[in-house]
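Working through the structure, step by step
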Amino acid sequence: MRMGRWLTVTSVECAKVSAQAVARIALALSIAGPFAFAAAMRVQTSVPADTLFGRSVTESGFAIPLVILGFAALWAFPVLTSVVGGDLFSSEDRHGTWSSVLTRSCTRGEIFAGKVITALAFATVAVSVLAASSVAAGVIVVGQRPLVDLSGVLREPAEALTRVVLAWATALPPALGFTAMAVLASIATRSSAAGIGLPVVIGLAMQLCTLLDGPEAIRRLLLTASFGAWHGLLAEPPYYRPLIHGTIVSSAYVAVCLTLAYRLLQRRDIGG
Amino acid sequence: MAAPPAFEALGVSKRYGQRDALSRVDLIARPGQLHGLLGPNGAGKTTLMRVALGLARPDSGTVRLLGCDLNPLAGGLPDGVAGFVDSPAFYPYLTARKNLALLARLDGHRRWRHIAVDDALMQVGLAGDADVAVRGFSAGMRQRLGLAAALLRSPRLLFLDEPTSSLDPAAARDIRALARRLADAGAAVVLSSHDMAEVEELCATLTVIDHGHVVFAGSVAELRMRASSPMHLLHTSHDRAAIEIAFQRPGVRASAAAAGGLEVAAEIDALDGYVIALGRAGVAVRALERRARTLESLFLELTGPSGRGEAPLPAPEAAEGAAVAPVAS
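Bear in mind that the values here come from a model prediction, so they are computed numbers and not experimental data.

Rules used in this analysis
Residues numbered from 1 in each chain as written. Chains lettered and ligands numbered in written order. Predicted model: local features only at pLDDT ≥ 70, side-chain atom pairs only at ≥ 80, totals over all residues. Heavy atoms only, no water. Salt bridge = Lys/Arg side-chain N within 4 Å of Asp/Glu carboxyl O. Helix = DSSP H or I, 4+ residues; strand = E, 2+ residues; numbered from the N terminus. Buried < 20%, exposed > 50% of the residue type's maximum accessible area, 1.4 Å probe, protein only. Pairing = 2+ DSSP bridges. Phe/Tyr/Trp six-rings, centres within 6.5 Å; stacked < 30°, edge-to-face > 60°. Lys NZ or Arg CZ within 6 Å of the ring centre and 35° of its normal.

1. Things to note about the pattern of salt bridges
Residues and elements named next belong to chain A. Counted according to the given criterion, the structure contains 23 salt bridges over all chains. Among the ionic pairs, E92 bridges to K115, the shortest N-O distance being 2.7 Å. Of this pair, E92 sits in helix α4 (residues 90–95) while K115 sits in helix α6 (residues 108–142), and the two are 23 residues apart along the sequence. For E92, a relative accessible area of 0% puts it in the buried group. For the salt bridge of D93 with R268, the shortest nitrogen-to-oxygen distance reads 2.5 Å. Taken together, the positions of D93 in helix α4 and R268 in the segment after α11 (241–267) put the pair 175 residues apart, joining distant regions of the chain. For D93, a relative accessible area of 23% puts it in the partly exposed group. Overlapping salt bridges, with partners in common, bring together D149, R155, E159, R163 and E236 in one network.

2. Structural notes on the pairing of strand β10 (residues 213–219) of chain B
Residues and elements named next belong to chain B. The sheet contact formed by strand β9 (residues 205–210) and β10 spans 6 bridges and is antiparallel. Paired with L206 across the bridge in β10 is G218. Connecting the antiparallel pair β9 and β10 is a turn made up of 2 residues, with H211 showing a positive phi of about 50°.

3. Observations regarding the packing of aromatic side chains
Residue and element names in this part refer to chain A. Following the criterion strictly, the structure yields 9 aromatic pairs over all chains and no others. An angle of 45° between the planes, with centres 5.7 Å apart, marks the rings of F89 and F112 as tilted. Note that F89 is positioned in the loop between α3 (63–85) and α4 and F112 in helix α6, a separation of 23 residues in sequence. Given the relative accessible area of 1%, F89 is considered buried. For F112, a relative accessible area of 8% translates into the label buried. Consider the rings of F178 and F227, whose centres lie 5.9 Å apart with planes at 5°: the pair is stacked. Of this pair, F178 sits in helix α8 (residues 172–189) while F227 sits in the loop between α10 (216–220) and α11, placing them 49 residues apart in sequence. A single burial state applies to F178 and to F227, both of which are buried. Members of the aromatic cluster, connected to one another through ring pairs, are F77, W168, F178 and F227. A cation sits over an aromatic face here: K115 above F89, 5.6 Å from the ring centre.

That is the geometry; function is a separate question.
Here you go:
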């Protein structure tokens, strides 16, 4: 596989994604959503007391991104990270363009690599934009005030900001796991609806499984469990075991899904 | 000495489920040659094109493109190989120019990419629509855009799957002229078409496929030589009765001609007996004219029930095209 070629494919895919309204809408919602949420918290009298840091949303601007992080793990991350990954491959089926793309000088492997990089890059950008917007919304709308962490320790604004940013960073591995799942669904089903919808459904099913009284070993293998790994960063002393475990599980999901997706694409006859 | 083949498919087989889409198909096209690929619907023409372009993997056999073994898993298409199958498709939300620019990037074009794109659009007559989103294109415009996408690869081997099927006569003529120019410049062009006149006009050599098997490969002249019986155009006072009588006569096959009258395939002795039988049955023969066998009639003979699975057609036809004066009026 030639590196220059898959970088070329990546640039072509990025050009296609940037021309599509759905990607722009997803990013626009990622920017606007946190501000709307922060504004609503500011004007309403009640707070989401049953969620982590929900009680603090009117006291510290750094609680806003943490509440949004907890909420996004439920369904926003699977949707946001699948919007492009779940459509990049199946859109070639929808438009009938596989034969145009595969009759150029790039190999299937290079096409696959370029598309996957684009999907993972978009997921990273989308999570980063949502994170940045959440922090900005909290700081601007509520204020840059100290945050009381899960152990009751008061964190000064600078330290709180660092921990919030790290907490959001821990969401990236499972988010990329969902992107890989969307890529697999997109190639296997050749349907964008399935490519985007299946990761969401699977994510919700995983959330339900965590509520059941099943074996701990199985629950720890669920991708959604990794979204809660950031709790250890907001405790004193901090604990990292769930974070390490979640990163390993997420990496395994990425590896397995992308390997299966690659094999499916390589073996596929286009048309006929 | 003949130039080495630009395209070589040897013993190519492809199976979809229980159906043999291709069965040990051989096809060779040489530089500067326009090679026709004919066959009825479902014969395997498009499957062969897909295999040639690396879109489908053959179950067995070898494919060589410009001297390189085709391995779709290991490498993309060699430079200089281009083409399209079915109707060419593009991203509908992008303009024609943007679509081609992206495809040119996948080909590794860096410098002069925009010049190449503009040149390709001009060659297929789409320069005026370059900045229109493809979703607004007609089928014919998409077909021309498909050809423009192929031209970006400076083809020395070009596969065209029914390239004029959606075009108006003037546009079809332009595309045929373009294919001819490419062949004159040394490219090998493999052209699949349902339009017999198009193949007859453009192609010196052809391969006829039926049910995944090659039933003929050679020049158009060789195909004519293999015709079984001379063809005649017959006008009678009662065509339906004449067809019924033909059914009862050995060595005579009659069918309604597209332009009116009957097409009758028969050797001269059988034809004499048939004309006498018509007279006895009270069917008047108003005109009988010997016709050159059209490619279409030869094609139908090869791929029809009588031609399929039988031994090669015998008896070269003598003095074809010689018109015989009407015997009755």
